[in-house]
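Letter by letter, the chains look like this.
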Amino acid sequence: MNEPLERYLRYLELERGYAANTLRTYRRMLTDFLRVVSPNGRRVRRIGREEVRNYVPRLRGERGNSGKTIRLKLQAIKSFLGYAREHEKGFRSEPLGKNDFRYKVEHKEVESLSEQQIGRLLEAAEEQGRQAQSRLQSDSGKTTLRKKQLFACRRDLCLLTLLASTGLRIAEALGIRFSDIDFLDKSIQIVGKGKRLRTIFFDLERLESTLTEYLELRRSLSVAHEYLFVSIKEYRPLGSRGFQKLLKGYLAKAKLSVSVTPHTLRHCFATVTIEKGG
């Protein structure tokens, strides 16, 4: 275990309020950096410009990292070295300036979905739900299994509608707990980046309807987990990777680009489509 790194990550969590996903990303990037520039751990306290300068070409040449990824890794490295120089005893790292190791990023046009395409995506999720409902009604011998399949479909439709109508980050949506929901004024308290709080409302007719149907089925299955969105396997909190896989399936059914990500939905804000019911 690298103690300076562990102390830095605790600092980011406790004093800077970084989210768990961000902390995991920083840990992964910095662990790799330290493994390369200080494989035996003996030179950690002497890392400086030369080590960073030798590390950067590997990211592009050997690993094929994009400019955006390299810039993010450099930001993490500079932040860690700055913290270590100030807080770690005997850390002799040279101070890295704000303009040191600036990396040009290739700007790509953000892929988005039109209101019509969002409608097709939600329709694909609704059709999946109708099929699950039909199987439940016709297959009396597998009631529990069929109810779980219908539960997953309603959960997905609710989550997709929530993302498309509010612009939430996927991590914010998956982090919603029941205690965050106020059913009287139809609001949800969201814990955003840096643990900042804000309130969104689910007073759009379609969003409220999908949430209600999902919660009714959830109660019938006696799912008591504190998180709103859970998997059908052991009812654990649904993860972002799991949802990414589900999203690709719905995109394929709707004959839409499978390169669309949960983050893409933040750019859609298909309020008009949702108000019209698809």
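Residues numbered from 1 in each chain as written. Predicted model: local features only at pLDDT ≥ 70, side-chain atom pairs only at ≥ 80, totals over all residues. Heavy atoms only, no water.

Draft legend 1. Inspection of the overall build of the protein at higher detail. Helix and strand counts for the protein come out as 10 helices and three strands. Across the 278 residues in the protein, those meeting the buried criterion constitute 42%. Within the protein, contacts between residues separated by at least 24 positions form 60% of all contacts whose residues are at least 6 apart in sequence. Approximately 16100 Å² of the protein is accessible, and the part contributed by carbon and sulfur atoms is 47%. (Helix = DSSP H or I, 4+ residues; strand = E, 2+ residues; numbered from the N terminus. Buried < 20%, exposed > 50% of the residue type's maximum accessible area, 1.4 Å probe, protein only. Contact = heavy atoms within 4.5 Å. Areas by Shrake-Rupley, 256 points an atom, 1.4 Å probe, with all protein chains shown as cover.)

Draft legend 2. Fine view of the environment of Asp180. Looking at where Asp180 falls in the secondary structure, it is placed in the loop between α7 (170-174) and β1 (181-182). Separated by 11 residues in the primary sequence, Asp180 and Val191 place their C-alpha atoms 9.1 Å from one another. Apart from the residues within four sequence positions on either side, Asp180 is in contact with Gly175, Ser187, Ile188 and Gln189.

Draft legend 3. Region of interest: the packing of aromatic side chains. All told, the structure shown has 10 aromatic pairs when counted by the stated rule. Their ring planes at 65° and their centres at 5.4 Å tell us that Tyr8 and Phe80 sit as a pair that is edge-to-face. Taken as a pair, Tyr8 in helix α1 (residues 3-14) and Phe80 in helix α4 (residues 67-87) lie far apart in primary sequence, 72 residues in all. The pair formed by Tyr8 and Phe80 is uniform in burial state, with each residue classed as buried. Look at Tyr8 and Tyr83: their rings are 5.4 Å apart centre to centre, the planes differ by 55°, and that puts the pair in the tilted class. (Phe/Tyr/Trp six-rings, centres within 6.5 Å; stacked < 30°, edge-to-face > 60°.)

Draft legend 4. View of the pattern of salt bridges. Taken as a whole, this structure holds 12 salt bridges when the rule is applied. Salt-bridge contacts for Glu3 lead to Arg7; the nearest nitrogen and oxygen are separated by 3.7 Å. Here Arg7 and Glu3 lie together in helix α1, a separation of four residues that amounts to about one turn. Look at Arg7 and you get partly exposed, because its relative accessible area is 28%. Of the charged contacts, one joins Arg169 and Glu172 as a salt bridge, the two residues approaching to 2.8 Å between their closest N and O atoms. A residue is classified by how much of its surface remains accessible, and Glu172, at 5% relative accessible area, is buried. Each of Glu123, Glu127 and Arg130 takes part in one network of salt bridges that share partners. (Salt bridge = Lys/Arg side-chain N within 4 Å of Asp/Glu carboxyl O.)

Draft legend 5. Structural context of the sheet that holds strand β2 (residues 187-191). Strand order in this open sheet of three strands is β1-β2-β3, and the pairing throughout is antiparallel. Two strands lie at the open edges of the sheet, namely β1 and β3 (197-201), each paired on one side alone. For β1 and β2, the ladder comprises two bridges, and the chain directions are antiparallel. Residue pairing in the sheet places Ile181 in a bridge with Ile188 of β2. (Pairing = 2+ DSSP bridges.)

Draft legend 6. Molecular detail of the pairing of β3. Relative to β3, β2 runs antiparallel, the two sharing five bridges. Pairing of Val191 across the sheet is with Leu197, part of β3. The hairpin turn running from β2 into β3, its antiparallel successor, is five residues long, and Gly194 in that turn takes a positive phi close to 65°.

Draft legend 7. A look at the nonpolar core. Residues Leu121, Leu159, Leu160 and Phe229 are the most contacted members of the largest nonpolar core, which totals 50 residues. Among the elements of the structure, α5 (115-138), α6 (143-166), α7, β2, α8 (205-220) and α9 (240-253) are those that each provide at least two residues to this core. Considering every element that reaches this core, the biggest residue donor is α6, with 10 residues. Setting aside residues no more than four positions away along its own chain, Phe229 makes contact with Arg155, Cys158, Leu159, Leu162, Ala173, Leu174, Tyr214, Arg218, Pro237 and Leu238. Counting 24 residues, the second largest nonpolar core, distinct from the first, contains Tyr26, Val37, Tyr55 and Ile70. (Core = buried A, V, L, I, M, F, W, Y, C linked by side-chain atoms within 4.5 Å.)

Draft legend 8. Structural view of α4. Under the 1.5 Å per step criterion, the end-to-end length of α4 is 30 Å for 21 residues, consistent within 8% with the ideal 30 Å. Those residues of α4 not exposed but buried are Gly67, Ile70, Lys73, Leu74, Ala76, Ile77, Phe80, Leu81, Tyr83 and Ala84. Residues of α4 that are buried make contact with α1, α2 (20-37) and α3 (49-61). (Expected span 1.5 Å × (residues − 1).)

Draft legend 9. How the structure looks around α2. Between its first and last C-alpha, α2 extends 26 Å over 18 residues, near the 26 Å set by a 1.5 Å rise per residue. Of the residues making up α2, those classed as buried are Leu23, Tyr26, Met29, Leu30, Asp32, Phe33, Leu34 and Val37. Contact partners of the buried residues in α2: α1, α3 and α4.

Draft legend 10. Geometry of the confidence of the model for the protein. With 85% of its residues at a pLDDT of 70 or more, the protein shows a mean pLDDT of 82. Across the protein, the secondary-structure element scoring lowest on mean pLDDT is helix α10 (residues 271-275), at 42, and the one scoring highest is β1, at 93. Here residues 270-278 is a poorly scored stretch, pLDDT under 50, and it has 21 contacts once near neighbours within four places are set aside; other chains count. (pLDDT = per-residue confidence, 0-100.)

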